[in-house]
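Residue-level listing of the chains:
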Amino acid sequence: LKYHDTGKEKDCLPQVGQWNMMNKKMINGMNVNRWACINFSRSVQDSVARGFCNELAQMCQVSGMEFNPEPVIPIYIARPDQVEKALKHVYHACTNKLKGKELELLLAILPDNNGSLYGDLKRICETDLGIISQCCLTKHVFKINKQYLANVSLKINVKMGGRNTVLLDAISCRIPLVSDIPTIIFGADVTHPENGEESSPSIAAVVASQDWPEVTKYAGLVCAQAHRQELIQDLYKTWQDPVRGTVSGGMIRDLLVSFRKATGQKPQRIIFY
């Protein structure tokens, strides 16, 4: 059972392969106690935004999450051209009110045609503030659809570290080459610049399972490397340390260490795609 995702939150709902979450519970629902919302859409009134957030919170609860119905601060209204200022204002306002505790989730209501707003918001949240974010388009805020809310709740739960689905064969330990001994599953790929682009780096990505025997939860690493180089240069690397001598590391080692921290076990088998 696999939840299909286009990879673009802007699309909000994939048109193919939607999974009907109605009347179903997540395998591991997470807790969201401290959240806030920024409304970047001029056409969405405050009462509409509050109603949408309330419906989304209820759906998260129905789906199996513990979700506080009240945001840390009232919904903040901001202009799309002041995204950085708005994000930092909400971040600091929440930090001050929470007295040291961190904001767990930021909901953002975006105009349907939002230009660079989506990318700017993700960049600032991910690389500057360290906030998990979930974007929703104006058209979905106005036309509240239960199936849409259910699918957004799936996204939020995974971002918070939860698990939505598990293979039945995994629970009953019936997956060949996986269920018998602690096993980690890797996936790796390199994306190259489009034809005619001669200077941009290639982007390498590696993911690895972080649970066993379910092999449902994955961690990922991304790195830039030489233009059009197919071999992942940071997969395994060594360097000279003045104290320790030759040190080995790289993306594989980082993910193996992460697996051990998550499961308490070293993998005895590696499956690499």
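So, how was this worked out
Residues numbered from 1 in each chain as written. Predicted model: local features only at pLDDT ≥ 70, side-chain atom pairs only at ≥ 80, totals over all residues. Heavy atoms only, no water. Helix = DSSP H or I, 4+ residues; strand = E, 2+ residues; numbered from the N terminus. Buried < 20%, exposed > 50% of the residue type's maximum accessible area, 1.4 Å probe, protein only. UniProt positions renumbered as here; feature names shortened; annotations may be inferred. Pairing = 2+ DSSP bridges. Contact = heavy atoms within 4.5 Å. Axes fitted to C-alpha atoms, helices over the stretch in contact; angles between N-to-C directions.

> Is there a simple way to explain unusual backbone geometry in this structure?
Cis geometry is found at the peptide bond from W212 to P213, where omega equals 15°. A positive phi angle, close to 65°, is found at L177, a residue other than glycine. With respect to the element layout, L177 can be found in the loop between α6 (168–171) and β7 (183–191). With a phi close to 60°, R228 is a non-glycine residue in the positive phi region. Tracing the sequence through the fold places R228 in the loop between β9 (218–225) and β10 (237–241). When its relative accessible area of 36% is taken as the criterion, R228 is described as partly exposed.

> Got a minute to help me understand the UniProt feature "domain: Piwi" (unreviewed entry) in the protein in this structure?
As recorded in UniProt, the feature "domain: Piwi" (unreviewed entry) lies at residues 105–273. Helix makes up 29% of residues 105–273 and strand 30%, and the two end C-alpha atoms of the span are 32 Å apart.

> What should I look at first to understand the sheet that holds strand β5 (residues 105–110) in this one?
Through backbone hydrogen bonds, the strands of a sheet pair up, either in parallel or in antiparallel fashion. What the four strands build is an open sheet, ordered β4-β2-β5-β6; its pairing is parallel. The open sheet is flanked by β4 (76–77) and β6 (133–137), the only strands paired with a single partner. Note: strand β2 (residues 35–39) against β5, five bridges, orientation parallel. Its bridge partner lying in β5, N39 is registered against I109. The sheet contacts of helix α2 (residues 83–98) involve β2, β4 and β5, and relative to β2 the element is tilted by about 155°. Across the sheet, helix α3 (residues 117–129) touches β5 and β6, and the angle it forms with β6 is around 165°.

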